[in-house]
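Observations on chain architecture
Single-letter residue listing:
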Amino acid sequence: MNAGPAGFVGAPVSKVLVLSVLGSSVLVQATSAAGASQHRVVYLLSTAGRLLIFRHPGVLIFGTALLYYFRLFERQWGAVKYGSFSGIVLGLSIAGESLAVRLLRWSPIPGPYPLIFANFIPFFLDVPPTQRFTVLGINLSDKAFIYLAGVQLLVGSRGSFLGAACGLLAGLAYSSNLFGLQRLLVPKAVCRFLGGTVGRLFGARTLYQAPPPTLPNGPSMTPVRPAVQQANAPAMSQASPQAVQQLVAMGFQEAAATQALQLSNNDIQAALSHLL
C-alpha cells in the first residue's frame, strides 16, 4: 500500500519521531551490548525515554517502519493536528498503563507501542484499500500487510500487549472525539518553540507549523481576478491516474485529488500542499 511520496515531505512530526526512536533505541541497544558495567546508563536512558526506545533490533525494524508509514495521517491532517493527536494518545496511554500497574500489577515494557497502535484506529476507519486479492479462499486487501506488521510487532515483544491495548483505546477515544479531544491543539507558542529547537535539530523547521488563518466571511472575502487575467490563465493539465491513485491511497477524495493534481501540473508534493 502506497503512503504517498517517499521521505518526510509534509511530515516533520513523523520525521522527529522516527529519528528519535531510531537514535535512542540504537544507543540503548549498543550500550547494553557493551557489558554489564553499562547497565546503569541503559536504565537511565530507558527510564527517561521509555516511550521512544525499543530494546530489541527485531521490533525496532517493524516499529519504525510502521511509524514511517503512518506519516500519511500527518500529510492528511497537518503537522499541528497530528502532533496534537500524538501527544493526546500518549497522555491517555500513560494514564491507562499507570492504572493497570496499580490495579492489575501489569508492567508495561519500553517502546512507542501506544502511539503506533493508536494510529491503527484511523487506519482502519479512514484509509481505503487500493488492491484486493484472495489467499486460500480468504478475500484480503493490501491493508492486510500493515495489520500483519502490527501483529509481528506484538509477537516479537513480550509484554507489549498492555501498551498496544492502551494505544488502541486512546486512538478510539480520539477518533470518536470523546470529550472533544479533536479540538485540543498544540498552543502556538509551543509550536514556535518546537519549530525553532527540535525542528532545527532534526532538519524539520516546519515542525508544528500552524495552518494559515481563514477569512472571516468565507467565499465573499475571496478576491476576484480581473477578466483579462482569467483569460490569460494557462489551461489545467490532465491529472495522472497513477498520481490520483497515490493520493486516494493516502485518504483523500478522488475529486479533490484530481483537482489538486491539475492545479499543480501532476506534481504530487505541490498537490499535497493544496490538499493540506
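Residues numbered from 1 in each chain as written. Predicted model: local features only at pLDDT ≥ 70, side-chain atom pairs only at ≥ 80, totals over all residues. Heavy atoms only, no water.

1. Topic: the overall build of the protein
From N to C terminus, the protein includes 15 helices and two strands. Burial analysis of the protein (276 residues in total) assigns 40% to the buried set. Of all intrachain contacts in the protein linking residues separated by at least 6 positions in sequence, the fraction that spans at least 24 positions is 72%. Total accessible area on the protein stands at roughly 15,600 Å², and carbon and sulfur atoms take up 63% of it. (Helix = DSSP H or I, 4+ residues; strand = E, 2+ residues; numbered from the N terminus. Buried < 20%, exposed > 50% of the residue type's maximum accessible area, 1.4 Å probe, protein only. Contact = heavy atoms within 4.5 Å. Areas by Shrake-Rupley, 256 points an atom, 1.4 Å probe, with all protein chains shown as cover.)

2. Some remarks on the packing of helix α5 (residues 79–104) against helix α9 (residues 161–175)
The geometry of α5 relative to α9 is characterised by a closest axis approach of 8 Å and an angle of 130° between their N-to-C directions. In terms of orientation, α5 and α9 fall into the oblique class. Relative to α9, the crossing made by α5 is right-handed. Of the residues in α9, those touching α5 at Lys-81, Phe-85, Ile-88, Val-89, Leu-92, Ser-93, Gly-96, Glu-97 and Ala-100 are Leu-162, Gly-163, Cys-166, Gly-167, Ala-170, Gly-171, Ala-173 and Tyr-174. (Axes fitted to C-alpha atoms, helices over the stretch in contact; angles between N-to-C directions. Parallel < 35°, antiparallel > 145°, perpendicular 65-115°, else oblique. Left-handed = near helix turned anticlockwise from the far one by under 90°.)

3. Section: a nonpolar patch on the surface
A contiguous nonpolar surface patch, about 450 Å² in accessible area, is contributed by Leu-99, Leu-103, Leu-104 and Trp-106. Inspection of the secondary structure puts Leu-103 in helix α5. You can call Leu-103 exposed: its relative accessible area is 60%. (Patch = residues over 30% accessible without salt bridge, like charges linked within 9 Å, V, L, I, M, F, W, Y side chains within 5 Å. Salt bridge = Lys/Arg side-chain N within 4 Å of Asp/Glu carboxyl O.)

4. A look at the UniProt feature "transmembrane region" (unreviewed entry) in the protein
Within this structure's numbering, the places UniProt gives as "transmembrane region" (unreviewed entry) are residues 51–70, 82–104 and 144–174. The annotated region residues 144–174 carries 84% helix and 0% strand content, and the separation between its end C-alpha atoms amounts to 23 Å. (UniProt positions renumbered as here; feature names shortened; annotations may be inferred.)

5. Digging into the pairing of strand β1 (residues 132–135)
Of the strand pairs in this sheet, β1 and strand β2 (residues 138–141) are connected by four bridges, and their pairing is antiparallel. Within the sheet, the bridge partner assigned to Arg-132 lies in β2 and is Ser-141. (Pairing = 2+ DSSP bridges.)

6. Focus on the side chain of Ser-160
Tracing the chain through its elements places Ser-160 in the loop between α8 (144–155) and α9. In this structure Ser-160 touches Ile-109, Tyr-113, Leu-153 and Leu-154, once residues within four positions along its chain are discounted.

7. A word on the packing of helix α3 (residues 57–69) against α8
To characterise two packed helices, one gives the angle between the axes of the helices and the distance between these axes. It is at 9 Å that the axes of α3 and α8 come closest, and there the two elements cross at 145°. In this structure, α3 crosses over α8, and the sense of that crossing is left-handed. Contacts between α3 and α8 involve Val-59, Phe-62, Gly-63, Leu-66 and Tyr-69 on the former and, on the latter, Ile-146, Ala-149, Gly-150, Gln-152 and Leu-153. Of the residues in the contact of α3 with α8, the class split is seven nonpolar, three polar and no charged. (Nonpolar A, V, L, I, M, F, W, Y, C, P; charged D, E, K, R; others polar.)

8. As for the environment of Glu-97
Secondary-structure assignment places Glu-97 in helix α5. The class for Glu-97 is buried, based on a relative accessible area of 3%. Considering only alpha carbons, one finds Glu-97 and Ser-107, ten residues apart in sequence, at a separation of 7.8 Å. For Glu-97, the residues in contact, after removing those within four places along its chain, are Arg-50, Pro-108, Pro-114, Leu-162, Gly-163 and Cys-166.

9. Observations concerning unusual backbone geometry
Positioned with a positive phi, Phe-179 is a non-glycine residue whose angle comes to about 55°. Not every positive phi belongs to a glycine, and Asn-266 is a case in point at roughly 65°. Its location among the elements puts Asn-266 in the loop between α14 (254–263) and α15 (268–275). The exposure class assigned to Asn-266 is partly exposed, which follows from its relative accessible area of 27%.

10. Observations regarding α3
If you check α3, its first and last C-alpha atoms are 18 Å apart, about what 13 residues at 1.5 Å a residue would give, namely 18 Å. Inspection of α3 places Val-59, Leu-60, Gly-63, Thr-64, Leu-66, Leu-67 and Tyr-69 among the buried residues, and these make up the whole buried set. (Expected span 1.5 Å × (residues − 1).)

11. Comments concerning the environment of Ser-93
The residue Ser-93 is located in helix α5 in this model. Between the C-alpha atom of Ser-93 and that of Ala-164, which follows or precedes it by 71 residues, the distance is 8.9 Å. Contacts of Ser-93, omitting those with residues within four sequence positions, involve Pro-114, Cys-166, Gly-167 and Ala-170.

12. A word on α14
For α14, the complete set of buried residues consists of Ala-257, Ala-260 and Leu-261. Buried residues in α14, looked at end-on, bunch into an arc of 100°, giving them a common side. Phi turns positive, to about 55°, at Asn-265, one or two residues after α14. (Arc of directions from axis to C-beta.)

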